[in-house]
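Residue-level structure breakdown
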Amino acid sequence: MGLLPLPLSLLLAAVPGSAGPGSLVSLQSAAPMPQQAFEIVLIEGGLADLKLACEQSASFGANERLQLLRDRLMLVAPAPQTFDVVMANARALMSCKAPDSAQVVLSRYGPGPGPRRRDWLLLSWQAASAALDQERIVLALLRLAEGDLTRLDAEQLVVGLDGQGMPTTRSALDLLAEAQIASGQPDQAAITLLAGRTTGVIAARRLGLAAELLGVMDSERSASLIEAALDQAAARQAWNQAEDLLRLQLRLELASGGSGDRPRERLRRLATRVDDRFTLLDLDQDLPGVSLEKRQQLQQELRSPRAPGGHAALGESPSPEAGATGVNEQP
């Protein structure tokens, strides 16, 4: 597919004011391509031409054109097709903001083990992510793991662009756990998080989330995970994260019928050490015997986080791992 009876450049040259296909579908154009040129691309264009037309139409918000291009892309390369054609067709549909249709096209080919299967699975994950299809996200990432979840730990997948237009990535392990949570599989998400081998702040975050997922269902396991997470946070002096973990420990202990005295006291000691006045005031509100007047005073102070000693004055703990890789590791 994609071969034309005449070169597309010759066909487009017949359109008044057109210099050729590149100029017509360029994303740098000041205006959408002329209607006559669009119709020629729609009818005569191959996959590459249609993909460029999709990109330009999307950039100008030309939804009617996008729909016409989507319809054409579902017909231009009917099955069976080669792997390259199927992938090009699916990518064109992604450019046309049609991830569900891209999945349909991808289902026309089932690659065996090897580089082709990896590329196919990654595009399947991209389409599922764009469609917010959590179950397909889980399926694609589990297939990418090939039965070994630890392989996903170092697999960095592009999830967007930062303010400078540079790609931002996240670990496939975290993306899988997130999709499992969203699709109602908290137990599986906890297993996924515990498969990680990265240490430090990332490990602390994962262990804390796994503990939260297990919660009161398995209080002993949850408690041990929080302790392990606290060790990882302390090793990197990530005190903000340590405080979050102690708050989680306190909440889970109270939910299971405990007094919460131990995690509350540990949190108080840590907040005193890092001069976290916000947390200290918050803890003081829960003390027995505090008068209504004192509670109101504390609440007023809590509503002023930018006052001296307020929580907004606290700096974030340094993250050596994030600084070394430049990768966004936050879930």
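What you see is a predicted model; the values in this text were computed from it and never measured. (Residues numbered from 1 in each chain as written. Predicted model: local features only at pLDDT ≥ 70, side-chain atom pairs only at ≥ 80, totals over all residues. Heavy atoms only, no water.)

A few words now on the pattern of salt bridges. Inspection of every chain in the model, using the stated rule, returns 13 salt bridges. Linking Arg206 and Asp153 is a salt bridge whose minimum nitrogen-to-oxygen distance equals 2.9 Å. Pair noted here: Arg206 is in helix α12 (residues 201–214) and Asp153 is in the loop between α9 (134–145) and β1 (156–161), with a separation of 53 residues, a long-range link. Considered together, Arg206 and Asp153 belong to a single accessibility category, that of buried residues. (Salt bridge = Lys/Arg side-chain N within 4 Å of Asp/Glu carboxyl O. Helix = DSSP H or I, 4+ residues; strand = E, 2+ residues; numbered from the N terminus. Buried < 20%, exposed > 50% of the residue type's maximum accessible area, 1.4 Å probe, protein only.)

Since there are 3.6 residues in each turn of an α-helix, residues three or four apart along the chain are aligned in direction. The end-to-end C-alpha distance of α12 is 20 Å, a good match for the 20 Å that 14 residues give at a rise of 1.5 Å each. Taking burial as the measure, the 14 residues of α12 include 12 buried ones, the bulk of the element. Buried within α12 we find Val201, Ile202, Ala203, Ala204, Arg205, Arg206, Leu207, Gly208, Ala210, Ala211, Leu213 and Leu214. (Expected span 1.5 Å × (residues − 1).)

The next subject is the nonpolar core. Core analysis: the biggest nonpolar cluster contains 48 residues, and Leu69, Leu73, Leu141 and Leu152 have the highest contact counts within it. Elements that contribute at least two residues to this core include exactly α3 (35–44), α4 (47–59), α5 (63–73), α6 (83–95), α7 (99–106), α8 (115–130), α9 and α10 (172–182). Dropping the residues within four chain positions of it, Leu69 is found in contact with Phe38, Leu42, Leu50, Ala53, Cys54, Ser57 and Cys96. Among the nonpolar cores identified, the runner-up in size contains 26 residues, and Val201, Ala204, Leu213 and Ala229 belong to it. (Core = buried A, V, L, I, M, F, W, Y, C linked by side-chain atoms within 4.5 Å. Contact = heavy atoms within 4.5 Å.)

Further remarks concern the pairing of β1. Bridge analysis of β1 against strand β2 (residues 167–171) gives five bridges, and the strand direction is antiparallel. The residue bridging Val158 from the neighbouring strand is Thr169, located in β2. Following β1, the chain reverses through five residues before pairing antiparallel with β2; Gly165 in that reversal takes a positive phi of roughly 80°. (Pairing = 2+ DSSP bridges.)

In short, the description is geometric, and any link to function would need to be established separately.
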